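Observations on the model geometry
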Amino acid sequence: MRSTSISSLLEDSQPLNRYAAEDYLEAWLALTEPEGWNDEDLERLRALFSDRG
């Protein structure tokens, strides 16, 4: 039986996918079409999520 350490698994693994809310804001806007939203609102929301890391 072969023993595999966690460090060797991590070294061999592919980078993890990262999902960020700001990557989906334009799709959310297109799908929901909230009344009264404009580019300034979208930029404020994008900055809010960006600040959170």
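Report on the accompanying structure. (Residues numbered from 1 in each chain as written. Predicted model: local features only at pLDDT ≥ 70, side-chain atom pairs only at ≥ 80, totals over all residues. Heavy atoms only, no water.)

Another aspect to go through is the pattern of salt bridges. One pass over the full model with this rule turns up 3 salt bridges. Its salt-bridge partner being Arg-46, residue Glu-26 comes within 3.1 Å of it at the nearest N-O pair. In this pair, Glu-26 sits in helix H2 (residues 25-32) while Arg-46 sits in helix H3 (residues 39-52), placing the two residues 20 residues apart along the sequence. One salt bridge in this structure joins Arg-44 and Asp-41, with 2.9 Å as the shortest N-O distance. One end of the pair, Arg-44, and the other, Asp-41, are both in helix H3, 3 residues apart, so they sit about a helical turn from each other. What makes Arg-44 exposed here is its relative accessible area of 57%. Here the salt bridges do not stand alone but share partners, grouping Glu-26, Glu-43 and Arg-46 into one network. (Salt bridge = Lys/Arg side-chain N within 4 Å of Asp/Glu carboxyl O. Helix = DSSP H or I, 4+ residues; strand = E, 2+ residues; numbered from the N terminus. Buried < 20%, exposed > 50% of the residue type's maximum accessible area, 1.4 Å probe, protein only.)

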